[in-house]
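Summary of structural features
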Amino acid sequence: MALIAPSVPIPAEHQTSLRLGVLASGSGSNFEAVVAACRRGDLRAEVVSLVVNNPDCGATVRAGRLGVPCTVINHRHFVSREALDEALIAHFTPLAVDLLVMAGWMRIVSPLLCRSFRDRMVNIHPALLPAFRGTRAIERALAAGVTITGCTAHLVEEVVDGGRILCQAAVVVQPDDTPASLAPRIHAVEHRILPSAIALAGQLLTRAEA
């Protein structure tokens with residue numbers, strides 16, 4: 001694994017203190033990695049709320065074990081993406097979060113959420129963007145025959161997986177790799193770069209507000 005950008009994480013003493021809201025749909029391993037980085041002191045931040053859209057996902061179990069408040073906002077209960085995102089805005093705004101972290105949030109966000117949290121949302125994607133945007137990125141990378149893939153943490157914009165790249169990590173594809181064997185190696189480096197990307201996003205936010 002090789003960090004592409006940035007090559008050196010921002011030291012905690014040079015980071016901006018952040019209040020984080022996290023969005024997750026699956027196992028929640030990236031959510032836990034962010035919480036762990038905060039509690040180790042590598043990331044000068046606190047996760048104040050986790051929101052999941054799937055009440056049965058593993059992230060809810062992790063939140064309970066970690067003592068992080070967790071709220072279910074089930075996308076199935078909303079008639080549109082905009083209606084779901086209005087509920088997210090209503091949830092996170094009173095919490096005064098600085099950044100939203102999409103840690104395996106398997107929903108395409110609407111322009112409404114992008115405008116409300118402009119330059120304040122970070123997403124993690126299992127490919128070296130701009131390659132393999134969208135769904136099934138690992139499967140598509142293998143089908144394309146690439147020898148190197150990886151993951152990208154980026155700011156969220158209205159174009160799917162099209163925002164400013166904050167941090168990337170490369171993963172070598174083995175000749176006999178399958179999605180089942182490659183995915184864990186990609187997820188492992190996601191856990192390493194996502195906290196660094198959050199710190200960088202906080203630094204960019206501070207500069208923009210100065």
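This section reports on the structure supplied with the text.

The rules we used
Along each chain, residue indices are assigned from 1 in the same order as the chain's sequence is written. pLDDT decides what is reported in this predicted model: residues at 70 or higher carry local features, side-chain atom pairs at 80 or more are listed and counted, and totals for whole chains, interfaces and linings draw on all residues regardless. Working from all heavy atoms in the structure, the side-chain values ignore hydrogens and water. Residue burial is assigned from relative accessible area. The probe radius is 1.4 Å, only protein chains are included, and a residue is buried under 20% of its type maximum, exposed over 50%, and partly exposed in between. Per the convention used, a helix needs a DSSP run of H or I reaching at least four residues, while a strand needs a run of E reaching at least two, with both numbered from the N terminus. The arc under discussion is defined with respect to the helix axis, by the directions toward the C-beta atoms. Contacts between residues were defined by any pair of non-hydrogen atoms, one from each residue, lying within 4.5 Å. Where helices are involved, their axes are fitted lines through C-alpha atoms of the stretch in contact, as for all axes, and angles between N-to-C directions lie from 0 to 180°. Note that the term roughly parallel is reserved for angles under 35 degrees, roughly antiparallel for angles over 145, roughly perpendicular for angles of 65 to 115, and oblique for everything else. Crossing handedness: left-handed means the near helix sits turned counterclockwise from the far one by under a right angle, and right-handed means the same turn made clockwise. Basically, the charged four are Asp, Glu, Lys and Arg, the nonpolar ten are Ala, Val, Leu, Ile, Met, Phe, Trp, Tyr, Cys and Pro, and anything else, Gly included, counts as polar. Note on definitions: salt bridges are taken to be side-chain nitrogens of Lys or Arg within 4 Å of carboxyl oxygens of Asp or Glu. Strand pairing is assigned whenever DSSP detects at least two bridges linking the two strands. If you view a crossover with the strands going away from you and the path from the first strand over the helix to the second runs clockwise, you call it right-handed.

1. Some thoughts on helix 2 (residues 58-66)
Those residues of helix 2 that fall on the buried side of the exposure criterion are Ala 59, Ala 63 and Leu 66. Around the axis of helix 2, the buried residues are gathered within 75° of arc, so they sit on the same side. Those residues of helix 2 that are exposed and angled more than 90 degrees off the buried face are Val 61, Gly 64 and Arg 65. Looking at the packing, one finds that the buried side of helix 2 touches strand 2 (18-24), helix 1 (29-40), strand 3 (45-52) and strand 4 (70-72). Count one or two residues on from helix 2 and you reach Gly 67, which has phi positive near 75°.

2. Observations concerning the packing of helix 5 (residues 137-144) against helix 6 (residues 179-209)
The geometry of helix 5 relative to helix 6 is characterised by a closest axis approach of 10 Å and an angle of 120° between their N-to-C directions. Comparing their axes, helix 6 and helix 5 come out oblique. Seen along the crossing, helix 5 lies across helix 6 with a hand that is right-handed. Judged by residue contacts, Ile 138, Glu 139 and Leu 142 of helix 5 engage Pro 179, Leu 182, Ala 183 and Ile 186 from helix 6. For the contact of helix 5 with helix 6, the class distribution of residues is 6 nonpolar, no polar and 1 charged.

3. Examining the side chain of His 154
With respect to the helices and strands, the residue His 154 is situated in strand 7 (residues 148-155). Contact partners of His 154, with chain neighbours within four places excluded, come to Met 121, Val 122, Asn 123, His 125, Leu 129, Asp 161, Gly 162, Gly 163, Arg 164, Ile 165 and Leu 166.

4. What about the pattern of salt bridges?
Counted under the stated rule, the structure contains 5 salt bridges. Glu 32 is the partner of Arg 62 in a salt bridge, and the nearest nitrogen-oxygen pair spans 2.6 Å. Residue Arg 62 is found in helix 2, and its partner Glu 32 is found in helix 1; the two are separated by 30 residues along the sequence. Look at Glu 32 and you get buried, because its relative accessible area is 18%. Where Glu 32 meets Arg 65, a salt bridge forms, and the shortest distance between an N and an O atom there is 2.8 Å. In this pair, Glu 32 is assigned in helix 1 and Arg 65 in helix 2, connecting sequence segments 33 residues apart. Judged by its relative accessible area of 53%, Arg 65 is exposed. Three or more residues are tied together by salt bridges with common partners; here these are Glu 32, Arg 62 and Arg 65.

5. Let's talk about the environment of Val 34
Along the chain, Val 34 turns up in helix 1. Given a relative accessible area of 0%, Val 34 falls into the buried group. A sequence separation of 159 residues divides Val 34 from Ile 193, and the C-alpha atoms of the two residues are 9.8 Å apart. Val 34 has contacts with Leu 20, Leu 43, Val 47, Leu 194 and Ile 198, leaving out every residue within four places of it along the chain.

6. Re the pairing of strand 2
Within strand 2, 6 of the 7 residues are buried, which leaves it mostly tucked inside the rest of the structure. Pairing of strand 2 with strand 3 involves 7 bridges; the strand directions are parallel. Each residue of the ladder has a partner; that of Leu 18, found in strand 3, is Ala 45. With respect to chirality, the unit in which strand 2 leads through helix 1 into the neighbouring parallel strand 3 is right-handed. Across 4 bridges, strand 2 lies against strand 5 (residues 99-102) in parallel orientation. Of the residues in strand 5, the one forming a bridge with Leu 20 is Leu 99.

Just geometry here; none of it tells us what the structure is for.
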